[in-house]
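Fold and contact review
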Amino acid sequence: MRLLIMSALAVGLLLPALPVSADPVESGPWTEYSPTFTVQERGCGDVSDLTFRLTCSTDSGDQRAERRYATYSSGTRQFEGYFKITSLPGTRISLKQTFKTTGPFFMLAVERGGRLYSVHGGDTIATGATIGTTVRVNTVHVVGGVHRTYINGSLKHTVSSESGSFYDKFGAYRTASGQGPATVEWSGIRFWRK
């Protein structure tokens, strides 16, 4: 019996730790749903399931590896996902976007060294997004009201939102001032609405 328990513990130590999806970060009632998505690969972008790579170091052109989810235009939407940067020789790579169909609205990006920031305005959102660290991201978007960003369950950024049509994107995308290479692994993707 003791050998069986020790074997089970040894096997457990060899298994990778996966993030456990948490409940929504704000009170509900929330309804979980699964929006459709398309994969976007442009320039040196490469997508393999939930691994997103920019394989070049160019600082120009459209370099992206992303999932783009279905458009919404009303209500309150919540996104949750966990990312882990496994390689970042480049810098200033967008990880998560809440995009308006008429142009960029909110972009969460990372600099080499682990600073997470808002591309529009440059506000520091959090630090510590270093290579190999798993980070939980939640965005709560009240269309025509407000957009809030949570990092590891803590509210870190708030911006007002106008009305219109929006969609969620995540992966790895070179910002106008950034460059690859970069490799980002995402997991635990969930969506809610109310």
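Use the structure listed above.
Everything in this summary refers to the structure shown in the same document. (Residues numbered from 1 in each chain as written. Predicted model: local features only at pLDDT ≥ 70, side-chain atom pairs only at ≥ 80, totals over all residues. Heavy atoms only, no water.)

Attention now goes to the overall build of the protein chain. Looking only at helices and strands, the protein chain has 1 helix and 15 strands in total. Residue burial in the protein chain is summarised as follows: out of 194 residues, 45% are buried. Taking the contacts inside the protein chain whose residues are at least 6 apart along the sequence as the reference set, 66% of them involve residues at least 24 apart. Working note: accessible area of the protein chain is about 9300 Å², and carbon and sulfur atoms make up 52% of it. (Helix = DSSP H or I, 4+ residues; strand = E, 2+ residues; numbered from the N terminus. Buried < 20%, exposed > 50% of the residue type's maximum accessible area, 1.4 Å probe, protein only. Contact = heavy atoms within 4.5 Å. Areas by Shrake-Rupley, 256 points an atom, 1.4 Å probe, with all protein chains shown as cover.)

Counting residues in hydrophobic clusters, the biggest one holds 33 residues, and the most contacted among them are Phe83, Val110, Leu116, Ile151 and Trp186. Ignoring sequence-local partners within four residues, the contact set of isoleucine 151 consists of Leu108, Leu116, Ile125, Ala126, Val135, Arg136, Val137 and Lys156. (Core = buried A, V, L, I, M, F, W, Y, C linked by side-chain atoms within 4.5 Å.)

Taken in spatial order, the 7 strands of this open sheet run 2-5-14-7-8-9-10, and their pairing is antiparallel. The sheet is open, and its two edges are formed by strand 2 (37-42) and strand 10 (124-126), each paired on a single side. Within this sheet the neighbouring strands show an average axis-to-axis angle of 25°, counted without direction. Pairing geometry for strand 2 and strand 5 (residues 64-69), over 6 bridges, is antiparallel. For threonine 38, the partnering residue across the bridge sits in strand 5 and is arginine 68. (Pairing = 2+ DSSP bridges. Axes fitted to C-alpha atoms, helices over the stretch in contact; angles between N-to-C directions.)

Here we come to the pairing of strand 15 (residues 182-193). Bridge count for strand 1 (residues 31-33) against strand 15 is 3 bridges, and the pairing is antiparallel. Considered in strand 15, the bridge of tyrosine 33 is made with phenylalanine 191. Sheet topology places strand 4 (residues 51-54) next to strand 15; 4 bridges connect them, and they run antiparallel. Note that in strand 15 the partner of phenylalanine 52 across the bridge is valine 184. Judged from the 9 bridges that link them, strand 6 (residues 76-87) and strand 15 form a sheet pairing that is antiparallel. Bridge assignment links tyrosine 82 to a residue of strand 15, and that residue is serine 187.

Below, the discussion takes up the environment of arginine 92. Among the secondary structure elements, arginine 92 is positioned in strand 7 (residues 91-100). When sequence neighbours within four positions are dropped, the list of residues in contact with arginine 92 reads Val110, Glu111, Arg115, Tyr117, Tyr173, Arg174, Thr175, Ser177 and Gly178.

Of all the 8 residues making up strand 8 (residues 103-110), 7 are buried; the element is thus mostly covered by neighbouring parts of the structure. One ladder, built from 7 bridges, connects strand 7 with strand 8; its direction is antiparallel. Bridging across to strand 8, isoleucine 93 finds its partner in valine 110. Connecting strand 7 to the next strand, strand 8, in antiparallel fashion are 2 residues.

Attention shifts here to the side chain of histidine 147. Mapped onto the elements of the fold, histidine 147 is located in strand 12 (residues 146-151). Using a relative accessible area of 0% as the deciding quantity, one classes histidine 147 as buried. Setting aside chain neighbours within four positions, we find histidine 147 in contact with Thr98, Phe105, Phe106, Thr139, Val140, His141, His157, Thr158, Val159 and Ser161.

As a further point, take the packing of aromatic side chains. The final tally for this structure, using the stated rule, is 13 aromatic pairs. Relative to phenylalanine 191, the ring of tyrosine 69 lies with its centre 4.6 Å away and its plane at 45°, an arrangement referred to as tilted. Of this pair, tyrosine 69 sits in strand 5 while phenylalanine 191 is found in strand 15, placing the two residues 122 residues apart along the sequence. Considered together, tyrosine 69 and phenylalanine 191 belong to a single accessibility category, that of buried residues. Ring geometry for phenylalanine 170 against tryptophan 186: centres 4.9 Å apart, planes inclined by 45°, an arrangement best described as tilted. Residue phenylalanine 170 is located in strand 14 (residues 166-179), and its partner tryptophan 186 is located in strand 15; the two are separated by 16 residues in the primary sequence. Neither phenylalanine 170 nor tryptophan 186 differs from the other in exposure class; each is buried. (Phe/Tyr/Trp six-rings, centres within 6.5 Å; stacked < 30°, edge-to-face > 60°.)

So, to be careful, I would describe these as geometric facts and stop short of saying anything about function.
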